[in-house]
Amino acid sequence: MRRRERGLSAFFPLFSPPQRSAFVADLRQHLNALARFKIPPPDGETPLASAVHGLGMLVTTAMAVTGGAIYLMMGEDGSLGTTGKLIYELHCLLATLMWAYLVGHAGVAVLHQKAGHRVFQGITIGNR
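Quantities reported herein were computed from a predicted structural model and do not represent experimental measurements. (Residues numbered from 1 in each chain as written. Predicted model: local features only at pLDDT ≥ 70, side-chain atom pairs only at ≥ 80, totals over all residues. Heavy atoms only, no water.)

A.B. asks: Go over the layout of surface pockets, please, and point to the residues and values.
C.D. replies: Roughly 160 Å³ of volume is contained in the second largest pocket. Looking at the second largest pocket, the residues that line it are Phe11, Phe12, Pro13, Leu14, Phe15, Phe23, Leu48, Ala51, Val52, Gly54, Leu55 and Leu58. The leading source of residues in the lining of the second largest pocket is helix H3 (residues 47-73), at six residues. Partitioned by chemical class, the residues of the lining of the second largest pocket number eleven nonpolar, one polar and no charged. (1 Å grid on protein atoms, 1.4 Å probe; cavity = no way out; pocket = protein on both sides within 12 Å on 5 of 7 lines; lining within 4 Å. Points joined across faces, edges and corners; volume = space filled by probe spheres on them. Helix = DSSP H or I, 4+ residues; strand = E, 2+ residues; numbered from the N terminus. Nonpolar A, V, L, I, M, F, W, Y, C, P; charged D, E, K, R; others polar.)

Right, dumping it as structure tokens:
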């Protein structure tokens, strides 16, 4: 967990011109580095990472909403109507996106660690 807080505009940069500019600049920096088979260090503000975290929050929230809707729409015999089945399909799609997010998130953390950025050492748990 990080000790500093970020505003919602960091997670959803499309709605803030300064955050959008920072996101585009960070994306360009990452693409240029990747073209040279490098990965930029996660120093200071990382608008690309914040935007990816925002997408993760959206997928998580959508999964919770669709899961809750499925629960509320389910009949006593476990059946779903046409709308319930459609929501269930959307929930399954979101679950696949969440797995891709989790694997990608962990994979990028490992790449950063392998590049010597020591991201794992920066993780704190609780009040230690």
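A.B. asks: Explain the packing of H3 against helix H4 (residues 82-114) to me, using residue names and the numbers behind them.
C.D. replies: One way to put it is that H3 packs onto H4 with a least axis distance of 9 Å and a crossing angle of 150°. As summarised for this structure, H3 and H4 are arranged roughly antiparallel, according to the angle between their axes. For the pair H3 and H4, the crossing hand works out as left-handed. Contact residues: Val52, His53, Gly56, Val59, Thr60, Ala62, Met63, Thr66, Gly67, Ala69, Ile70 and Met73 in H3; Thr83, Gly84, Ile87, Tyr88, Leu90, His91, Leu94, Ala95, Leu97, Met98, Tyr101 and His105 in H4. Looking at the contact of H3 with H4, its residues break down into 15 nonpolar, nine polar and no charged. (Axes fitted to C-alpha atoms, helices over the stretch in contact; angles between N-to-C directions. Parallel < 35°, antiparallel > 145°, perpendicular 65-115°, else oblique. Left-handed = near helix turned anticlockwise from the far one by under 90°. Contact = heavy atoms within 4.5 Å.)

A.B. asks: Any details on a nonpolar patch on the surface? Residues and values, ideally.
C.D. replies: A cluster of nonpolar side chains, Val110, Phe120, Ile123 and Ile125, forms an exposed patch at the surface whose accessible area comes to about 380 Å². With respect to the helices, strands and loops of the structure, Val110 is situated in helix H4. (Patch = residues over 30% accessible without salt bridge, like charges linked within 9 Å, V, L, I, M, F, W, Y side chains within 5 Å. Areas by Shrake-Rupley, 256 points an atom, 1.4 Å probe, with all protein chains shown as cover. Salt bridge = Lys/Arg side-chain N within 4 Å of Asp/Glu carboxyl O.)

A.B. asks: An account of helix H2 (residues 17-35) is needed here, citing residue identities and associated values.
C.D. replies: Helix length check: H2 (19 residues) gives 27 Å between terminal C-alpha atoms against 27 Å at 1.5 Å per residue, within 8%. All of the buried residues in H2 are Phe23, Asp26, His30 and Ala33. Down the axis of H2, the buried set is contained in an arc of 95°. They therefore lie on one face. Away from its buried face, by an angle of more than 90 degrees, H2 presents the exposed residues Arg28, Leu31 and Ala35. One or two steps after H2, the chain reaches Phe37, where phi turns positive at roughly 60°. (Expected span 1.5 Å × (residues − 1). Buried < 20%, exposed > 50% of the residue type's maximum accessible area, 1.4 Å probe, protein only. Arc of directions from axis to C-beta.)

A.B. asks: Would you mind going over the environment of Phe11 in detail, with residue names and values included?
C.D. replies: Looking at where Phe11 falls in the secondary structure, it is placed in helix H1 (residues 8-11). A relative accessible area of 18% means that Phe11 is categorised as buried.

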